[in-house]
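# Reading the structure
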Amino acid sequence: MAVRGPPGIRFLQWLGLTPCWDRQKVYQLWTLFLTFLCYTSYHLSRKPISIVKNELHKNCNTTQNNTNTANCSSWKPFDGSDYESLFGDLDTAFLFAYAGGMFFSGHIAERSNLRYFLVLGMLSSGLMTALFGLGYYWNIHTVAFFVIVQAVAGVVQATGWPAVVTCVGSWFGKGRRGFIMGLWNSHTSVGNILGSLIAAAFVSEAWGLSFVVPGIIIASVGILAFFFLITEPKEVGIVMEDKGRKDSYTVQADGPTQHIPLCERCFNEESETETTEVVPEVASLPVVVADSEPLLGEEIKPLSGGPSNPKAISFLGALKIPGVIEFSMCLFFAKLVSYTFLYWLPKYIKDEEDYSPTVSGDMSTLFDVGGIVGGFLAGTISDFTGGRATCCVVMLVLGAPMLYVTQVVFQTKPSTSTAIGMLAALGFLVNGPYALITTAVSADLGTHKSLKGNAKALSTVTAIIDGTGSIGAAVGPLLAGIILNKAGSEQRAAQWDNVFYMLMASDVLACLFLLRVFVKEIKGWCTGRCFEQETSNVT
């Protein structure tokens, strides 16, 4: 069966508009950009609910910009004293549906056309996001409507992550995966920032537009992906050869020289070559070997033979890959912390600083700005050191005391500049491990040597890790809502303290689950130094 590329790319080829320089680099960069755009739109469409909460239930006594109580009315049914419990129901409906959908989406993605799967999910997500906002124009005041829309939105949003990670993983090898994916994973924070700014722009005038506009955006990007997303190299006649990781060292003793990967003891990885056959129907496409070094140390190499059809890995088989369970449980607690801030940070800022909903939403974006830097540096440093778990543990160890400091400082009504620095530093430490695990670690484990080059396993491994993390993402906002719902207006500060204690405990537990892998990485480095010392002594 012929492999057919996206219609937009085929149309450009028909017009003769093909890349005039290294095709591999062009398609790598294009895939990186388009998948970045796709998942940015996913997060952009998730963010409005956290901004609109302050408009659905207004606190007219504390909000400075709402001094006219005649214009200060909450949206039924969120106008009662149980509004925080109802907000928790909305978050829970979305996040538990998302977590459940994540486990199935990886299984489905491996067995379907990845581009169709992603586009269908984006169009459906756009519809559900816009539908929530239409409740404003249709004057809907029934909790069931909003809960059902959120639950369906959670299921269709689960299509995004396994699809985009698999696309990127098929184009990029392990050599600088942490650096590339750390930079690429900033789509999460960029989407949160844009979603916050777009929602905040409309929230005070017509909060329905805070959902309708993001819904239109994600649907539009989905249409762009349908025409131009190249899910794997063979669609454009390219065959990738992964030369393996470069974080290795050479040992020269009396016998032959040995080349030992630095993290071989951590994940039992070995340098291996993964090849994909060119499908005969697209083999006529020009395959040009670049004179310069490819973007990530891979090369285009034409191979002979028919297409290979590896079988998709089972769920239990993926769980047996070393490191999958540990990183999954770590992500459970790391994502619990991150998503609690995602859904409740604007509300926390408003309660502590008495800002308007618009200003609170804008301030919350600073957390995501710090997350961009944290994810990028975590990936870069883990590439250089070969220690994915070590980077996560260090940031988690620093994250717990940073949570406590933030809690104490915000109780003193800090200046705007101090609040900005605290939120950015907190985002750096909280989102760094989360970003690293969901991208580079998932891709590393999804291409583990025990899979023998089976690229189809990447979707399942990614779905397991992120699905487990998504359960934590659902539990965090739910617990925050329950804790805050127990407090009256006089006790709100004390209940926010309890939320932060929960987040600190989760941060510590995330760190504990990585201890075994962390110790193995340290032993691997010690072994490497011993070899280097022995080599220098022999010399």
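What you see as residue numbers is a count from 1 along each chain, following the sequence as written. Selection of residues for local features in this predicted model requires a pLDDT of at least 70, selection of side-chain atom pairs for listing and counting requires 80 or more, and totals for whole chains, interfaces and linings are taken over all residues. Only hydrogens and water are removed before side-chain values are computed, so all heavy atoms of the structure are retained for them.

The protein is annotated in an unreviewed UniProt entry as Sugar phosphate exchanger 3 of Branchiostoma belcheri. The UniProt entry for the protein carries this comment under Sequence similarities (unreviewed entry): "Belongs to the major facilitator superfamily. Organophosphate:Pi antiporter (OPA) (TC 2.A.1.4) family." The Subcellular location (unreviewed entry) comment attached to the protein in UniProt states, word for word, "Membrane". UniProt positions are given in the numbering used here, feature names are shortened, and annotations may be inferred rather than shown by experiment.

## Notes on the overall build of the protein
Check the secondary structure of the protein and you find 19 helices and four strands. For every residue, the accessible area (1.4 Å probe, protein chains only) is compared with the maximum for its type, and the residue is labelled buried under 20%, exposed over 50%, or partly exposed between those bounds. For the protein, with 539 residues in total, the buried portion stands at 58%. Sequence separation of at least 24 residues holds for 84% of the intrachain contacts in the protein that already meet a minimum separation of 6. Surface exposure here means Shrake-Rupley accessible area, sampled with a 1.4 Å probe, where a residue is shielded only by the protein chains that are shown. Split by element, the accessible area of the protein, about 21300 Å² in all, is 64% carbon and sulfur. Numbered from the N terminus, helices here are DSSP runs of H or I no shorter than four residues, and strands are runs of E no shorter than two. The criterion used for residue contact is that any of the two residues' heavy atoms lie within 4.5 Å.

## Focus on the nonpolar core
Formed by 125 residues in total, the largest nonpolar core has its most connected members in Phe146, Trp207 and Phe341. Looking at this core element by element, the count peaks at 16 residues for helix 13 (residues 324-353). Those residues in contact with Phe341, other than ones at most four positions away along the chain, are Pro346, Phe367, Leu403, Leu426, Phe500 and Leu503. Take the buried Ala, Val, Leu, Ile, Met, Phe, Trp, Tyr and Cys residues and link them wherever side-chain atoms come within 4.5 Å; each set so joined is a nonpolar core.

## Quick look at the packing of aromatic side chains
Classification of ring pairs uses Phe, Tyr and Trp, with its six-membered ring standing for Trp, and accepts pairs whose centres are within 6.5 Å; under 30 degrees between planes counts as stacked, over 60 as edge-to-face, and the remaining range as tilted. Applying the stated criterion across every chain yields a total of 32 aromatic pairs. Ring centres 6.4 Å apart and planes at 85° place the aromatic pair Trp30 and Phe228 in the edge-to-face group. In this pair, Trp30 sits in helix 2 (residues 23-46) while Phe228 sits in helix 10 (residues 209-228), placing the two residues 198 residues apart along the sequence. We classify Trp30 as partly exposed; its relative accessible area is 26%.

## A few points about the environment of Pro162
Along the chain, Pro162 falls in helix 7 (residues 160-171). For the pair Pro162 and Ile464, spaced 302 residues apart in sequence, the C-alpha to C-alpha distance is 9.6 Å. Non-local contacts of Pro162, meaning those with residues more than four positions away in its chain, are made with Met102, Ser105, Gly106, Ser459, Thr462 and Ala463.

## Some thoughts on the packing of helix 3 (residues 48-56) against helix 9 (residues 187-203)
Between helix 3 and helix 9, whose axes approach to 8 Å, the crossing angle comes to 25°. By the angle between their axes, helix 3 is roughly parallel relative to helix 9. Where helix 3 crosses over helix 9, the handedness of that crossing is right-handed. Of helix 9, the residues touching helix 3 (which contributes Pro48, Ile51, Val52 and Glu55) are Ser196, Ala199, Ala200 and Val203. Throughout, the ten residues Ala, Val, Leu, Ile, Met, Phe, Trp, Tyr, Cys and Pro are labelled nonpolar, Asp, Glu, Lys and Arg are labelled charged, and all others, Gly among them, are labelled polar. Counted by class, the contact of helix 3 with helix 9 contains six nonpolar, one polar and one charged residues. To define axes, lines are fitted to C-alpha atoms, for helices over the stretch in contact only, and angles between the resulting N-to-C directions are given on a 0 to 180 degree scale. Throughout, the term roughly parallel applies to angles under 35 degrees, roughly antiparallel to angles over 145, roughly perpendicular to angles from 65 to 115, and oblique to all others. Each helix crossing is assigned a hand: it is left-handed if the near helix lies turned anticlockwise from the far helix by less than a right angle, otherwise right-handed if that turn is clockwise.

## Structural notes on helix 9
Under the 1.5 Å per step criterion, the end-to-end length of helix 9 is 23 Å for 17 residues, consistent within 8% with the ideal 24 Å. Those residues of helix 9 that fall on the buried side of the exposure criterion are His187, Thr188, Ser189, Gly191, Asn192, Ile193, Gly195, Ser196, Ile198, Ala199, Ala200 and Val203. The span one expects for a helix is its residue count, reduced by one, times 1.5 Å.

## Notes on helix 2
The terminal C-alpha atoms of helix 2, which comprises 24 residues, lie 35 Å apart, in line with the 34 Å expected from a rise of 1.5 Å per residue. Within helix 2, 18 of the 24 residues are buried, leaving the element largely enclosed by the surrounding structure. Polar contacts, as used here, are pairs of N or O atoms within 3.5 Å; protein pairs need one atom able to donate a hydrogen and one able to accept it. Residues neighboring in sequence count only if both atoms are side-chain atoms. Where helix 2 begins, the capping side chain belongs to Asp22, and its oxygen is found 3.0 Å from the backbone nitrogen of Gln24.

## Section: the environment of Pro357
You can see Pro357 is positioned in helix 14 (residues 357-385). Accessibility expressed as a relative area gives 6% for Pro357, which makes it buried. In this structure the C-alpha to C-alpha distance between Pro357 and Asn54, which are 303 residues apart in sequence, comes to 5.5 Å.

## Notes on unusual backbone geometry
Only a minority of non-glycine residues have a phi that is not negative, and only a minority of peptide bonds are not trans. A cis amide bond links Lys76 with the next residue in sequence, Pro77, at an omega value of 10°. Structurally, the position occupied by Pro77 is in the loop between helix 3 and helix 4 (83-110). If you check the backbone angles, Asn139 has positive phi at about 55° while not being a glycine. Within the secondary structure layout, Asn139 lies in the loop between helix 5 (114-137) and helix 6 (143-157). In this model, Lys413 sits at a positive phi of 55°, which is unusual for a non-glycine residue. Residue position: Lys413 is located in the loop between helix 15 (388-411) and helix 16 (416-446).

## Topic: a nonpolar patch on the surface
Like charges are joined within 9 Å and nonpolar side chains (Val, Leu, Ile, Met, Phe, Trp, Tyr) within 5 Å, but only among residues with over 30% relative accessible area and no salt bridge; these make up the patches. Definition used for salt bridges: Asp or Glu carboxyl oxygen within 4 Å of a side-chain nitrogen of Lys or Arg. A surface patch of nonpolar side chains, about 390 Å² in accessible area, is lined by Val508, Leu509, Leu512, Phe513 and Leu515. Residue contributions to the nonpolar patch peak at four residues, all from helix 18 (residues 492-513). Note on placement: Leu515 falls in helix 19 (residues 515-538). Since its relative accessible area comes to 36%, Leu515 is described here as partly exposed.

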